[in-house]
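The lines below spell out each chain.
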Amino acid sequence: MVDAAWLRIGEILYDRGEFEPALAAYQKALAAAEERGSDLADKAQYRLAWSIQRLAEAAERLSVDGDDAGIRDAARKDMWDKRMAAIDSFETIIGKYAKSDLVGDACFRAAELRRRSGQDNTDASRRSAWFESAVQRYRQAQEKGGADAPYRQASQYGEGLSLLLNDRSTEAREVFRRILLNPDGPYVQESYWGLGQANLNLGAYADATQAFEQSLAIDKTTETAAKARYGLGMTAAQAGDFARARMEFLSVDTLYPNYPEWAAASLVRAARLALDEGMTDRAIGDLERVLARYPDTPAAEEGRLLQSRVTVEGRDE
């Protein structure tokens, strides 16, 4: 059958990483399946959505690694266009093929893309709308997929993370606590971090510290561990223990240089604490380290501005 043949061709091309030709093959498979009322239409639509998502991911990488600003800007626009197309394709499965066994997974994939869109958006109201829509899709994924669905716990964590990012920390805390009722689940370390962050946002600093420490105890080598160590610095600072806070922030740079975003952010925090304590030379040293080791991170720009201010004010006497 034509639809099955094009579907298979698409799968071969997709597995080779040839996503543009795969997309064209899946479009032909979808058209043929819909023309004859085949039960392969939902599968073609699903694979089509995945192909578009892979193209969006490639554009996202180019938006960071492109040789010049023009290439990066064009790639970022392409990323947004393709991401929106991928969301629309997954949403088509949810709306058009409501009885398909792929609906739960499509809800999860759409939720992931919506959350990422919120994180990548600088407009506050748009960010909030993206996160809210992600929460709804994550919840639908859990309902549609059932207890044994492979994406169920990922959907639970995604729901908690989206709530956390949308300043709904009380609700997020309850989601993370619910995930942690299963101590053998795949998102335990991440959920302890999420619980710690929610408690930090809510001013429950002792509970936040405990959760961050529990996250670290599971595996000290991951990005989540770097985030937890950063969280310990934040809780210590909020509790007024500036010496411990600075120590925790500096340890992120020492232990996790492979996670530059967190290492850089931690050094900037350490520099600010040093300035608050009148240790200008130490602050300058922290900032110089940020700019030397992590010049392309979001925190580096903050570091440059802070360095300019400190340089004008002068070093310690």
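Above: the structure in question.
The structure contained in this document is the topic of the report that follows. Bear in mind that the values here come from a model prediction, so they are computed numbers and not experimental data.

**Examining the overall build of the protein chain**
Helix and strand counts for the protein chain stand at 15 helices and zero strands. The dimensions of the protein chain, computed from C-alpha atoms along their principal axes, are 80 × 50 × 35 Å. Split into buried and exposed, the 317 residues of the protein chain put 49% on the buried side. Taking all contacts inside the protein chain whose residues are at least 6 apart in sequence as the whole, residues at least 24 apart take part in 55%. Surface exposure of the protein chain reaches about 15,800 Å², of which carbon and sulfur atoms provide 49%. Side-chain charges in the protein chain split into 42 positive and 52 negative, and the spacing between the mean points of these groups amounts to 3 Å.

**Comments concerning the side chain of Gln142**
Tracing the sequence through the fold places Gln142 in helix α6 (residues 124–145). A relative accessible area of 11% means that Gln142 is categorised as buried. A distance of 3.4 Å separates the side chain of Gln142 from the backbone oxygen of Ser155, its partner in a polar contact. What Gln142 contacts, discounting residues up to four positions off in sequence, is Arg152, Ser155, Gln156 and Glu159.

**Side note on the layout of surface pockets**
As a volume, the largest pocket reaches approximately 1,700 Å³. Lining the largest pocket are 44 residues, and of these Gln119, Leu165, Glu223, Glu261 and Trp262 sit closest to its centre. Its residues assigned to classes, the lining of the largest pocket comprises 19 nonpolar, eight polar and 17 charged.

**Some words on the nonpolar core**
Formed by 44 residues in total, the largest nonpolar core has its most connected members in Phe176, Tyr230 and Phe249. Sorting the residues of this core by element identifies α7 (152–165), α8 (169–179), α9 (188–201), α10 (205–218), α11 (223–238), α12 (242–255), α13 (260–276) and α15 (298–313) as the ones contributing at least two each. Those residues in contact with Phe249 that sit more than four places away from it in its chain are Tyr230, Gly233, Met234, Ser266, Arg269, Ala270 and Leu273. By size, the runner-up hydrophobic cluster in this structure holds 40 residues, among which are Ala44, Trp50, Leu102 and Ala149.

**Describing the packing of aromatic side chains**
The tally for this structure, following the rule as stated, stands at ten aromatic pairs. Centre to centre, the rings of Tyr230 and Trp262 are 5.3 Å apart; their planes meet at 65°, and the pair counts as edge-to-face. Taken together, the residues span a long stretch of sequence, with Tyr230 in helix α11 and Trp262 in helix α13 at a distance of 32 residues. Taken together, the ring pairs in this structure connect Tyr46, Trp50 and Phe90 into an aromatic cluster. Positioned above the aromatic ring of Trp80, the side-chain terminus of Arg83 is 5.2 Å from the ring centre.

**Some points on the environment of Glu248**
By secondary structure assignment, the location of Glu248 is in helix α12. Once the C-alpha coordinates of Glu248 and Trp6 are considered, the two residues, 242 residues apart in sequence, prove to be 55 Å apart. The residues touching Glu248, leaving out its near neighbours within four places in the chain, are Arg229, Leu232 and Gly233. Within polar-contact distance, the side chain of Glu248 engages the side chain of Arg229 at 3.1 Å.

**Some words on α10**
In this model α10 runs 20 Å from its N-terminal to its C-terminal C-alpha over 14 residues, within 8% of the 20 Å that 1.5 Å per residue would give. Of the residues making up α10, those classed as buried are Ala208, Thr209, Ala211, Phe212, Ser215 and Leu216. All buried residues of α10 fall inside an arc of 165° around its axis, so they share one side. For α10, the exposed residues set more than 90 degrees away from the buried face come down to Ala206 and Ala217. Elements that come into contact with the buried residues of α10 comprise α9, α11 and α12.

**What about helix α5 (residues 103–119)?**
Residue pairs spaced three or four apart in an α-helix point in one direction, given the helix's 3.6 residues per turn. Between its first and last C-alpha atoms α5 spans 24 Å; for 17 residues at 1.5 Å apiece the expected length is 24 Å, and the two agree. Of all 17 residues in α5, 13 are buried; the element is thus mostly enclosed.

**Some thoughts on the packing of α6 against α7**
The contact between α6 and α7 brings their axes to 9 Å, and the two run at 155°. When the interaxial angle is binned, α6 and α7 end up roughly antiparallel. Crossing angle aside, the handedness with which α6 passes α7 is left-handed. Contacts between α6 and α7 involve Arg127, Phe131, Ala134, Val135, Tyr138, Arg139, Ala141 and Gln142 from the former and Arg152, Ala154, Ser155, Gln156, Gly158, Glu159, Ser162, Leu163 and Leu165 from the latter. Taken together, the residues of the contact of α6 with α7 sort by class into eight nonpolar, five polar and four charged.

The rules we used
Residues numbered from 1 in each chain as written. Predicted model: local features only at pLDDT ≥ 70, side-chain atom pairs only at ≥ 80, totals over all residues. Heavy atoms only, no water. Helix = DSSP H or I, 4+ residues; strand = E, 2+ residues; numbered from the N terminus. Buried < 20%, exposed > 50% of the residue type's maximum accessible area, 1.4 Å probe, protein only. Contact = heavy atoms within 4.5 Å. Areas by Shrake-Rupley, 256 points an atom, 1.4 Å probe, with all protein chains shown as cover. Lys, Arg positive; Asp, Glu negative; His and termini not counted. Charge placed at Lys NZ, Arg CZ, Asp CG, Glu CD. Polar contact = N/O pair within 3.5 Å; in protein donor to acceptor, adjacent residues only side chain to side chain. 1 Å grid on protein atoms, 1.4 Å probe; cavity = no way out; pocket = protein on both sides within 12 Å on 5 of 7 lines; lining within 4 Å. Points joined across faces, edges and corners; volume = space filled by probe spheres on them. Nonpolar A, V, L, I, M, F, W, Y, C, P; charged D, E, K, R; others polar. Core = buried A, V, L, I, M, F, W, Y, C linked by side-chain atoms within 4.5 Å. Phe/Tyr/Trp six-rings, centres within 6.5 Å; stacked < 30°, edge-to-face > 60°. Lys NZ or Arg CZ within 6 Å of the ring centre and 35° of its normal. Expected span 1.5 Å × (residues − 1). Arc of directions from axis to C-beta. Axes fitted to C-alpha atoms, helices over the stretch in contact; angles between N-to-C directions. Parallel < 35°, antiparallel > 145°, perpendicular 65-115°, else oblique. Left-handed = near helix turned anticlockwise from the far one by under 90°.

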